[in-house]
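Architecture at a glance
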Amino acid sequence: MLTENKFSKYLIYAIGKIILVVIGILIALQINTWNQDKQQKKILNNIYATIKADLQQDILNIDEIINISQPIEKDYLAIINKTRKKDDFKDCKYCKYINFGYPDINLRKNGFELLLNYNQQNNTSSGSLSIKLNSLYVDLSNKISIKIEELAINNNSFAEIVITTQPWFVDFNFYGDVYYSDDFIEYALTDFGYRNRAKSSYDLYFNGYLPFLKEYKIKSLVIIDLIDEKLVDE
């Protein structure tokens, strides 16, 4: 009887010890899971911070393009509407860019690419924020890239024409002080090909490329607000 009591007490003690060990293991696993979740949130928040910084820089670049486009638009319309006079070229800072160039932009996608890699590795997504990011970085960004390509083709084809047909081109200065030869001014005011090209360039730039950039800015501001809310909540 005494032996049975000792065995019962030992069994209860052993079971209790096993239970404590199991509880300890479960607590350790829970702490480890909590630490992993905390680390993952930190990584994800850093990615969101990178996306925010990318978008803020994109907005600054877009604002710069919008600002410089205002006087350029006036110069385009003056050629298209045939209101440009010879004396107007004297101080026309942006006339040299008509049909020859446009302010390009390189949209920053470092943070978005990090997010794609993170979601792929962890088999996760960012919900509604992810949808908005895809709409911005995939759909709208592709539209902007297409317009940039169309502008480049349009400008390059015109440059090829004047390089091989217009003597004034050798004296044309794109990077230095503003100077327009009489031959160029006469060409810009009278050549129908120059005017027609100005119309096609205007449509590509001011009715295609620029509106897409403005839309990109608006959507970027919305996403920045969503990122700020997400970072505050977490």
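Residues numbered from 1 in each chain as written. Predicted model: local features only at pLDDT ≥ 70, side-chain atom pairs only at ≥ 80, totals over all residues. Heavy atoms only, no water.

**With respect to the overall build of the protein chain**
- Each helix and strand in the protein chain was counted, giving 5 helices and 0 strands.
- Reading the secondary structure of the protein chain in the N-to-C direction produces α-α-α-α-α.
- The proportion of buried residues among the 234 residues of the protein chain is 34%.
- Expressed as a percentage of contacts within the protein chain between residues at least 6 apart in sequence, the contacts between residues at least 24 apart total 83%.
- For the protein chain, the computed accessible surface area is about 14800 Å², with 56% contributed by carbon and sulfur atoms. (Helix = DSSP H or I, 4+ residues; strand = E, 2+ residues; numbered from the N terminus. Buried < 20%, exposed > 50% of the residue type's maximum accessible area, 1.4 Å probe, protein only. Contact = heavy atoms within 4.5 Å. Areas by Shrake-Rupley, 256 points an atom, 1.4 Å probe, with all protein chains shown as cover.)

**A few points about the nonpolar core**
- Judged by nonpolar contacts, the single largest core of 55 residues is most densely connected at Ile51, Ile105, Ile144, Phe184, Tyr209 and Tyr216.
- Broken down by secondary-structure element, the contributors of at least two residues to this core are helix H1 (2-80), helix H2 (110-122), helix H3 (127-165), helix H4 (182-190) and helix H5 (192-233).
- Setting aside anything within four residues of it in sequence, one finds Ile144 in contact with Ile105, Leu107, Tyr209, Phe212, Leu213 and Tyr216. (Core = buried A, V, L, I, M, F, W, Y, C linked by side-chain atoms within 4.5 Å.)

**Things to note about the state of the cysteines**
- Evaluation of the coordinates by the stated rule reveals 1 disulfide.
- Each sulfur of the disulfide joining Cys92 and Cys95 lies 1.8 Å from the other. Judged by the sign of its S-S torsion, about 85°, the cystine formed by Cys92 and Cys95 is right-handed. (Disulfide = S-S within 2.5 Å.)

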